[in-house]
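Listed below, chain by chain, are the residues.
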Amino acid sequence: MWTSAPADPLPSWKDTASKGAVLAFVAKTTKAGGPDFVPPAERIAVFDNDGTLWCEQPIVPQLVFALDRVKALAPQHPEWADKEPFKAALAGDVKALAAGGTKGVVELMMATHAGNTTTEFEAIVAAWIAAARHPKYDRPYTETVYQPMLEVLSHLRASGYKTYIVSGGGVEFMRVWADRVYGIPPEQVIGSTIATEYQERDGVPVLVRLPRLDFNDDKGGKPVAINKFIGRRPVMCFGNSDGDYEMLRYTTAGAGPRFGLIVHHTDAAREYAYDRTSHIGRLARALDEAPARGWSVVSMKDDWATMFPPR
């Protein structure tokens, strides 16, 4: 007679304190009769997407999608050749785009993400995500997801947790592939939205995407969206930047056991190393306050044995 040890649910993590913190929290909140037991209906875990679940450098993938859309739509808009931010987009001048600030990026997004129905947009995104490749790794963006985080998602769901994405990215951009890649269905994906309008085209009811921002699901918008669409304060929260600060605060300020985790990009060899001075995924305030607030900080370099899934 013999017994075997249970399989490691996080095999891509090194045996460090960060891994132990995740496993210990899940274990204590799912132990029936224990002092920290959380009923299944209340087991909510929220995850940022860009930089937390997949690679966001050197450019956030949805912005790459927008730049490709500008080039595809340019023949219909000759005026873009001399008009910013479209001129910079057509030239691939990311620095000029960054200099234009949020206003320019929003204008770019509205021009490239609107004017079609939700069904048409879904098909456009599906075609792009299947063909586009990351410039550093030469693999599809959906293969630059973090294997250690995929394991966390699976372990949480196996433990009765419901997993949500709460991201500043466009909700209809992420919903196209999130279920296939993360196992998170569309109704559990929360993100920024543009306005939509009900119309009938040739007798067929459709939703048309309008060039107007409806909701920005970033920073303080994240707790607002959680309350609006989930209706429960999460028990666990995973982020990587100051854009997730308010979501981390909101989650861990609740009563009972709470867990916050920050993915810190420290691995320049396998991925990228950035935090305080980065124009993408800036991490300063959340990093400074993590120790006092009890948030775990995961060093990609020190805590992860594997970065991406096998090819």
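As the structure is a computational prediction, the values presented were derived from the model and not from experiment.

*Asks:* How would you summarise the packing of aromatic side chains if you had to cite specific residues and measurements?
*Replies:* Enumeration according to the criterion identifies 18 aromatic pairs in this entry. Seen in terms of ring centroids, Trp13 and Trp304 are 5.9 Å apart; in terms of plane orientation they differ by 70°. Their pairing is edge-to-face. Separated by 291 residues along the polypeptide, Trp13 in the segment before helix H1 (17–29) and Trp304 in the segment after helix H13 (300–303) bring together distant segments of the chain. Summarising the aromatic geometry, the rings of Trp177 and Tyr182 are spaced 5.7 Å apart at their centres and angled 65° between planes, so their arrangement reads as edge-to-face. Its relative accessible area of 0% is what places Trp177 among the buried residues. Residue Tyr182 is classed as buried on the basis of its relative accessible area, which comes to 2%. The ring of Tyr272 has Lys136 sitting right over it, with the charged end atom 4.3 Å from the ring centre. The ring of Tyr250 carries Arg233 above its face, with NZ or CZ at 4.2 Å from the centroid.

*Asks:* Lay out the pattern of salt bridges with the relevant residues and their values.
*Replies:* This structure, assessed with the given rule, holds 13 salt bridges. Of the charged contacts in the structure, one is a salt bridge between Asp8 and Lys19, with a shortest N-O distance of 2.5 Å. Of this pair, Asp8 sits in the segment before H1 while Lys19 sits in helix H1, and the two are 11 residues apart along the sequence. Judged by relative accessible area, which is 4%, Lys19 ranks as buried.

*Asks:* Which residues make up the packing of helix H2 (residues 61–73) against helix H6 (residues 118–131), and what values do they have?
*Replies:* When two helices pack together, their arrangement is captured by the angle between the axes and the distance separating the axes. The N-to-C vectors of H2 and H6 enclose an angle of 105°; their axes lie 11 Å apart at closest approach. Between H2 and H6, the angle falls in the class roughly perpendicular. Here H2 contributes Pro61, Val64, Phe65, Asp68 and Arg69 to the contact with H6, which in turn contributes Phe121, Ile124, Val125 and Trp128. Residues that form the contact of H2 with H6 fall into these classes: seven nonpolar, no polar and two charged.

*Asks:* Explain the nonpolar core residue by residue, including any values.
*Replies:* Side chains of nonpolar character tend, in soluble globular proteins, to be buried together. Core analysis: the biggest nonpolar cluster contains 67 residues, and Tyr182 and Met236 have the highest contact counts within it. If you tally residues by element for this core, the top one is H2, at seven residues. Setting aside anything within four residues of it in sequence, one finds Met236 in contact with Phe25, Val26, Ile44, Ala45, Val46, Leu156, Tyr161, Thr251 and Phe259. In terms of nonpolar packing, the next biggest core, distinct from the first, is built from 18 residues, Tyr245, Leu248, Ala290 and Trp295 among them.

*Asks:* How would you explain the pairing of strand S3 (residues 189–201) if you had to name every residue and give the values?
*Replies:* Here strand S2 (residues 162–170) pairs with S3 via three bridges, running parallel. Looking across to S3, one finds that Ile165 is bridged to Val189. Counted along the chain from S3 to the antiparallel partner strand S4 (residues 204–215), the turn is two residues long, and its residue Asp202 has a positive phi close to 55°.

*Asks:* I'd like to hear about helix H12 (residues 285–293), residue by residue, with values.
*Replies:* Ala286, Leu287, Glu289 and Ala290 are the residues of H12 that are buried. In the core, the buried residues of H12 are packed alongside helix H11 (245–252), strand S6 (259–264) and strand S7 (296–299). Phi turns positive one or two residues past the end of H12, at Gly294, with a value near 80°.

*Asks:* A description of unusual backbone geometry should follow, citing residues and the corresponding values.
*Replies:* Backbone phi values are negative for most residues with the exception of glycine, while trans is the configuration of most peptide bonds. In this model, Gln57 is joined to Pro58 through a cis peptide bond whose omega is 0°. By the element assignment, Pro58 lies in the loop between strand S1 (44–47) and H2. The amide bond that connects Glu84 to the next residue, Pro85, takes the cis arrangement and shows omega of 5°. At Asp138, a position not held by glycine, the phi torsion is positive, near 50°.

*Asks:* An account of the pairing of S2 is requested, with residue identities and associated values reported.
*Replies:* The element S2 is largely enclosed, with a buried count of seven among its nine residues. Summarising the sheet, S1 and S2 pair through four bridges and their orientation is parallel. Opposite Ala45, over in S2, you have Thr163 as the bridge partner.

*Asks:* Break down the environment of Gly33 for me, citing the residues and quoting the values.
*Replies:* With respect to the helices and strands, Gly33 occurs in the loop between H1 and S1. Residue Gly33 is classed as exposed on the basis of its relative accessible area of 77%. Residues Gly33 and Thr251, 218 residues apart in the sequence, show an inter-C-alpha distance of 23 Å.

*Asks:* Got a sec to walk through the sheet that holds S2? Specific residues and values, please.
*Replies:* Here seven strands make up an open sheet; going across it, the order is S4-S3-S2-S1-S5-S6-S7 and the pairing mixed. Strand pairing shows two members of the sheet lacking a second neighbour, S4 and S7, which therefore form its edges. Ignoring strand direction, the axes of neighbouring strands in this sheet form an average angle of 30°. Running over the sheet, helix H7 (residues 147–158) touches S1, S2, strand S5 (236–239) and S6 and is turned about 165° from S1. Relative to S6, H12 is tilted by about 135°, and along the sheet it contacts S6 and S7.

Cut-off values and rules
Residues numbered from 1 in each chain as written. Predicted model: local features only at pLDDT ≥ 70, side-chain atom pairs only at ≥ 80, totals over all residues. Heavy atoms only, no water. Phe/Tyr/Trp six-rings, centres within 6.5 Å; stacked < 30°, edge-to-face > 60°. Helix = DSSP H or I, 4+ residues; strand = E, 2+ residues; numbered from the N terminus. Buried < 20%, exposed > 50% of the residue type's maximum accessible area, 1.4 Å probe, protein only. Lys NZ or Arg CZ within 6 Å of the ring centre and 35° of its normal. Salt bridge = Lys/Arg side-chain N within 4 Å of Asp/Glu carboxyl O. Axes fitted to C-alpha atoms, helices over the stretch in contact; angles between N-to-C directions. Parallel < 35°, antiparallel > 145°, perpendicular 65-115°, else oblique. Contact = heavy atoms within 4.5 Å. Nonpolar A, V, L, I, M, F, W, Y, C, P; charged D, E, K, R; others polar. Core = buried A, V, L, I, M, F, W, Y, C linked by side-chain atoms within 4.5 Å. Pairing = 2+ DSSP bridges.

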